[in-house]
Amino acid sequence: MTQPLPEPVPGNTETAAAPESTAASAPARDLNRTIGSHFKMIFLVIVGFTVMFWLAHFGLLLFTVDPERPEIKDALETTKIAGFSGLGTIFGLLGGAVGGKL
């Protein structure tokens, strides 16, 4: 005598269906990003400080009588380093905003 086959167990229909294509089912990426007010405030403060440091640097270069004094040299070096740091920060913030990590 032969025994009848057991009834199949109903499977999970969500995992049973094979995905058609990941590219076709992925949602379209929104290229219009909104920038929040917190980001704008930080960005404008960084731009303001950077402009201030570069103005101080070029002001010291143009309007000092003796730029070879050690105090003036130290001030020039400090404002130059702060100005370049500000530029790096601006580019970092812009890169983060473009990359979507606001």
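Residues numbered from 1 in each chain as written. Predicted model: local features only at pLDDT ≥ 70, side-chain atom pairs only at ≥ 80, totals over all residues. Heavy atoms only, no water.

K.L.:
How would you explain the overall build of the protein chain if you had to name every residue and give the values?
P.N.:
The helix and strand inventory of the protein chain stands at four helices and zero strands. Walking the protein chain from its N terminus toward its C terminus, one meets helices and strands in the order α-α-α-α. Classification of the 102 residues of the protein chain by burial places 12% in the buried group. Sequence-distant contacts in the protein chain: of pairs separated by 6 or more residues, those separated by 24 or more amount to 71%. In the structure as shown, the protein chain presents an accessible area of about 8,800 Å², 66% of it carried by carbon and sulfur atoms. (Helix = DSSP H or I, 4+ residues; strand = E, 2+ residues; numbered from the N terminus. Buried < 20%, exposed > 50% of the residue type's maximum accessible area, 1.4 Å probe, protein only. Contact = heavy atoms within 4.5 Å. Areas by Shrake-Rupley, 256 points an atom, 1.4 Å probe, with all protein chains shown as cover.)

K.L.:
Account for the packing of aromatic side chains, with residues named and values stated.
P.N.:
Taken as a whole and judged by the stated rule, the model has four aromatic pairs. Centroid distance Phe-39 to Phe-43: 6.1 Å. Interplanar angle 15 degrees. Geometry classified as stacked. Of this pair, Phe-39 and Phe-43 both sit in helix 3 (residues 37-63), separated by four residues, roughly a single helical turn. Three or more aromatic residues joined by ring pairs form one cluster here, namely Trp-54, Phe-58 and Phe-84. (Phe/Tyr/Trp six-rings, centres within 6.5 Å; stacked < 30°, edge-to-face > 60°.)

K.L.:
Describe the confidence of the model for the protein chain, with residues and values.
P.N.:
Low-pLDDT portions of the prediction should not be read for the details of their coordinates. Here the protein chain averages 83 in pLDDT, and 75% of its residues register 70 or above. Within the protein chain, the lowest mean pLDDT, 56, falls on helix 1 (residues 13-16), and the highest, 95, falls on helix 3. (pLDDT = per-residue confidence, 0-100.)

K.L.:
Can you break down helix 4 (residues 70-99) residue by residue, with the values?
P.N.:
With 30 residues, helix 4 extends 43 Å between its outermost C-alpha atoms, agreeing within 8% with the 44 Å of an ideal straight helix rising 1.5 Å per residue. Every buried residue of helix 4 is accounted for by Ile-72, Leu-76, Thr-79, Ala-82, Gly-83, Gly-86, Ile-90 and Ala-97. Contacts made by the buried residues of helix 4 are with helix 3. Gly-100 sits one or two positions beyond helix 4 and adopts a positive phi of about 90 degrees. (Expected span 1.5 Å × (residues − 1).)

K.L.:
Kindly report on the environment of Leu-55, identifying the contributing residues and their values.
P.N.:
Considering the arrangement of structural elements, one finds Leu-55 in helix 3. C-alpha separation for the pair Leu-55 and Thr-79, spaced 24 residues apart in sequence, amounts to 8.9 Å.

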